[in-house]
Amino acid sequence: MDTVFPRMREWPRGAVERHAGMMSGSLRVGSGRRSGQRFDARHGVVTEALIFLGELDPEHIGDALADATHYEPTPLAQFDELLRALPIAHDEYTFVDIGAGMGRVLLLASTKPFKHIVGVEVSPALCQTARDNVTKWRESRPDAHCKDVRVVCKDAASFRFPNGNLVFYLYNPFGESTMRRLVYRIAQECSGSVFLVYHTPVHRDVVDENRCFTPLVDLGFGRVYEKKAAT
Ligand SMILES: C[S@@+](CC[C@H](N)C(=O)[O-])C[C@H]1O[C@@H](n2cnc3c(N)ncnc32)[C@H](O)[C@@H]1O
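This report concerns the structure included in the present document. Bear in mind the structure is a predicted one, so any value in this text is a computation, not a measurement. (Residues numbered from 1 in each chain as written. Predicted model: local features only at pLDDT ≥ 70, side-chain atom pairs only at ≥ 80, totals over all residues.)

### A short note on the site of the ligand
Surrounding the ligand, one finds 27 residues, the nearest of these being Ala68, Gly99, Gly101, Tyr171 and Pro173. Breaking the shell around the ligand down by element, the ones donating at least two residues are helix 5 (104–109) and strand 2 (116–121). Tallied by class, the residues present in the shell around the ligand amount to 15 nonpolar, 7 polar and 5 charged. (Near = placed C-beta within 6 Å. Helix = DSSP H or I, 4+ residues; strand = E, 2+ residues; numbered from the N terminus. Nonpolar A, V, L, I, M, F, W, Y, C, P; charged D, E, K, R; others polar.)

Put into structure tokens, the structure is as follows:
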């Protein structure tokens, strides 16, 4: 956490506002950001921020930096909508947030009875914040259904997928080449039932082109795809 905040304070005045909205429009500047700040205050966590990896810990990220987007959390209401669109029995699935950032989505997903929840994040500083947030969340929400929430510090391109049925969540974490590699690997390596939830689907063509994935829901700001289990 200490590694994140000094740099955030150093940002020029207005930098956050100038960049806010790059992903989800005016929502971030207005009610989306305010409800994120209220969420953080209520649960004693830190998730509402806009952080560029090149200004945080670029020396620890390596080649993935070139294709990585910045950190920005999913607006709370939009995550709810996307989760509601999933036609699953949660306890039969592991939830995987690809590019977990400060872990907001991991916390929210734990209110459902997923089998396991895993966040994969390439920035060590963001991983540390996400782990701190998971610890604080456990104190704030002891009633959360899924207790097995983990954060893995890794480039998603080389992350080894868990076995079984999976829900992959992506909030536009990277550019086309990493997206292409990831989608190809999911298609090749995951034999269980898979749902891919893609918020701000900038590279949706990559998924649409892959015949393993069927589009299920299009909410405009995000899409849900299904890949059936191998028979
Ligand atoms: C837009 S943020 C989304 C954060 C979180 N998933 C959420 O929705 O609240 C995208 C995240 O992807 C991470 N990221 C970018 N490239 C990555 C990679 N190759 N492997 C793992 N994480 C990556 C960034 O560091 C950033 O935290």
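### Here's the deal with the nonpolar core
Grouped together as the largest cluster of nonpolar side chains are 57 residues, with contacts concentrated most on Val96, Val167, Phe168, Tyr169, Leu196 and Val197. At 6 residues, the largest contribution of residues to this core is made by strand 4 (residues 165–171). Setting aside anything within four residues of it in sequence, one finds Val197 in contact with Leu82, Val167, Phe168, Tyr169, Gly222 and Val224. (Core = buried A, V, L, I, M, F, W, Y, C linked by C-beta atoms within 7 Å. Buried ≥ 20, exposed ≤ 12 C-beta atoms within 10 Å, placed from the backbone. Contact = placed C-beta atoms within 7 Å.)

### Describing the pairing of strand 3 (residues 149–153)
In the sheet, strand 2 pairs with strand 3 via 5 bridges, with the strands oriented parallel. Looking at strand 3, one finds that Glu121 is bridged to Cys153. (Pairing = 2+ DSSP bridges.)

### Observations concerning the sheet that holds strand 3
Pairing within the open sheet is mixed, and its 7 strands lie in the order 3-2-1-4-5-7-6. With one partner strand each, in any of the chains shown, strand 3 and strand 6 (214–218) form the two edges of the open sheet. Within the sheet, the average angular offset between the axes of one strand and its neighbour, ignoring direction, is 20 degrees. Across 6 bridges, the pairing between strand 4 and strand 5 (residues 194–199) is parallel. Within the sheet, the bridge partner assigned to Phe168 lies in strand 5 and is Leu196. (Axes fitted to C-alpha atoms, helices over the stretch in contact; angles between N-to-C directions.)

### Regarding the pairing of strand 5
Of all 6 residues making up strand 5, 6 are buried, and the element is well covered by its neighbours. The parallel pair strand 4 and strand 5 is bridged by helix 7 (residues 176–189), and the resulting crossover is right-handed. Alignment of strand 5 against strand 7 (residues 222–227), held across 6 bridges, turns out to be antiparallel. Residue Phe195 lies in a different strand from strand 7, and its bridge partner there is Glu226. (Right-handed = clockwise from strand over helix to strand, strands pointing away.)

### Some details on the environment of Gly103
Topologically, Gly103 is positioned in the loop between strand 1 (93–98) and helix 5. Take Gly103: there are 29 C-beta atoms within 10 Å of it, and that puts it in the buried class. A sequence separation of 56 residues divides Gly103 from Thr47, and the C-alpha atoms of the two residues are 7.0 Å apart. Gly103 has contacts with Thr47, Gly119, Ala130, Asn133, Val134 and Val151, leaving out every residue within four places of it along the chain.

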